[in-house]
Amino acid sequence: MSALSLRSVSHGFSPQEWLFKDLHFELAHGEHVAIQGTSGSGKSTLLNIMAGLEVPAQGEVLWAGQSTALWSAEQRRRCRQSEMGFVFQAFHLLPHLSALQNVMVPCLLGGQSGAEAALAARELLSQLGLNKRLDAHAHSLSGGEQQRVALARALVHQPKVVFADEPTGNLDTTTARSTLALLIELSLARRTSLVMVTHGDEAARSMGRCLRLTQQGLV
Ligand SMILES: Nc1ncnc2c1ncn2[C@@H]1O[C@H](COP(=O)(O)OP(=O)(O)O)[C@@H](O)[C@H]1O
Ligand SMILES: [Mg+2]
């Protein structure tokens, strides 16, 4: 059974114009998929639909084989909180919390104790080379450091799927390359599926499967 399936999904924001139509997609457990496409083709919208942040105009989203169509807002929220991780181009850290506290947030929201959350966050941040920056406020970190904290926050609660929307778009080439390598390495080690929107061909090639979003669907 797939981690995530899209069946005949169509969506658009104006009545005559679909962004994408009749789109099919299967994400296997532990699989890494890159999604490319021109700016405005609907990549971010598609990720939002996959993550249940937006409901498609037509078609069905299945999570672990189960249709999400009849889920309540609370069910969607709980699934997002416990089973998904997110990384964005803008890091979206809480600026006045420390690196460690930012990474603890998903664990605390999931009901872990402060001690458990701190342990998991510290271990992951150390793996990402940030063991000396645990207590630094997020706003005082470099861009590369902030995105590594964001990676830790996306993975710390052992989600089934991580969605990454141009996660290295704000980083210089060298930092982007090393950050991406860390994201892939950690996702592989944790058997986390990864869906990544990226403009970079090199980044896309380092993923298991590369797809392009067009009006004809994901090809
Ligand atoms: N909530 C919305 N309401 C209306 N139009 C939207 C909304 N979100 C995105 N769009 C439009 O849909 C198109 C695709 O947006 P987006 O998914 O952000 O594309 P991409 O991530 O590929 O650049 C764009 O033209 C954008 O302006
Ligand atoms: Mg986008």
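Everything in this summary refers to the structure shown in the same document.

About the criteria used
- Residues numbered from 1 in each chain as written.
- Chains lettered and ligands numbered in written order.
- Predicted model: local features only at pLDDT ≥ 70, side-chain atom pairs only at ≥ 80, totals over all residues.
- Axes fitted to C-alpha atoms, helices over the stretch in contact; angles between N-to-C directions.
- Helix = DSSP H or I, 4+ residues; strand = E, 2+ residues; numbered from the N terminus.
- Parallel < 35°, antiparallel > 145°, perpendicular 65-115°, else oblique.
- Left-handed = near helix turned anticlockwise from the far one by under 90°.
- Contact = placed C-beta atoms within 7 Å.
- Nonpolar A, V, L, I, M, F, W, Y, C, P; charged D, E, K, R; others polar.
- Buried ≥ 20, exposed ≤ 12 C-beta atoms within 10 Å, placed from the backbone.
- Near = placed C-beta within 6 Å.
- Core = buried A, V, L, I, M, F, W, Y, C linked by C-beta atoms within 7 Å.
- Pairing = 2+ DSSP bridges.

**Things to note about the packing of helix H3 (residues 99-109) against helix H4 (residues 114-127)**
Running from amino to carboxyl end, H3 crosses H4 at an angle of 125°, the nearest separation of the two axes being 8 Å. Classified by the angle between their axes, H3 and H4 sit oblique to one another. When you trace H3 past H4, the crossing you get is right-handed. For the pair formed by H3 and H4, the contact residues are Ala99, Leu100, Val103, Met104, Cys107 and Leu108 on the first element and Glu116, Ala117, Ala118, Ala120, Ala121, Arg122, Leu124 and Leu125 on the second. Partitioning the contact of H3 with H4 into residue classes produces 12 nonpolar, no polar and 2 charged.

**So, the environment of Val161**
Relative to the helices and strands, Val161 resides in strand E7 (residues 161-165). By C-beta crowding, Val161 is classed as buried, having 23 other C-beta atoms within 10 Å. Every residue in contact with Val161, bar those within four places of it in the chain, is listed here: Ala3, Leu4, Leu27, Glu83, Met84, Thr192, Ser193 and Val195.

**Let's talk about the site of ligand 1**
Neighbouring residues of ligand 1: Phe13, Leu19, Gly37, Ser39, Gly40, Ser41, Gly42, Lys43, Ser44 and Thr45. For the shell around ligand 1, the per-class residue count stands at 2 nonpolar, 7 polar and 1 charged.

**Looking at the environment of Gln215**
Relative to the elements of secondary structure, Gln215 occurs in the loop between strand E9 (209-214) and strand E10 (217-218). Beyond its immediate sequence surroundings of up to four residues, Gln215 is in contact with Phe20 and Lys21.

**Thoughts on the nonpolar core**
In this structure, Met50, Ala121, Ala152, Phe163 and Val195 are the most contacted members of the largest nonpolar core, which totals 58 residues. At 6 residues, the largest contribution of residues to this core is made by helix H5 (residues 143-155). Apart from residues no more than four positions distant in its own chain, Met50 is found in contact with Leu4, Leu6, Val61, Phe163 and Val195.

**Description of the sheet that holds E7**
Here we have 6 strands laid out as an open sheet, ordered E6-E7-E8-E3-E9-E10, and mixed in their pairing. Sheet topology places strand E6 (84-87) and E10 at the edges, where each strand pairs with a single neighbour. Inspection of the sheet shows strand E3 (residues 32-36) paired to E9 by 4 bridges, in the parallel sense. Of the residues in E9, the one forming a bridge with Ala34 is Cys210. Along the sheet face, H5 touches E6 and E7 and points at about 165° away from the line of E6.

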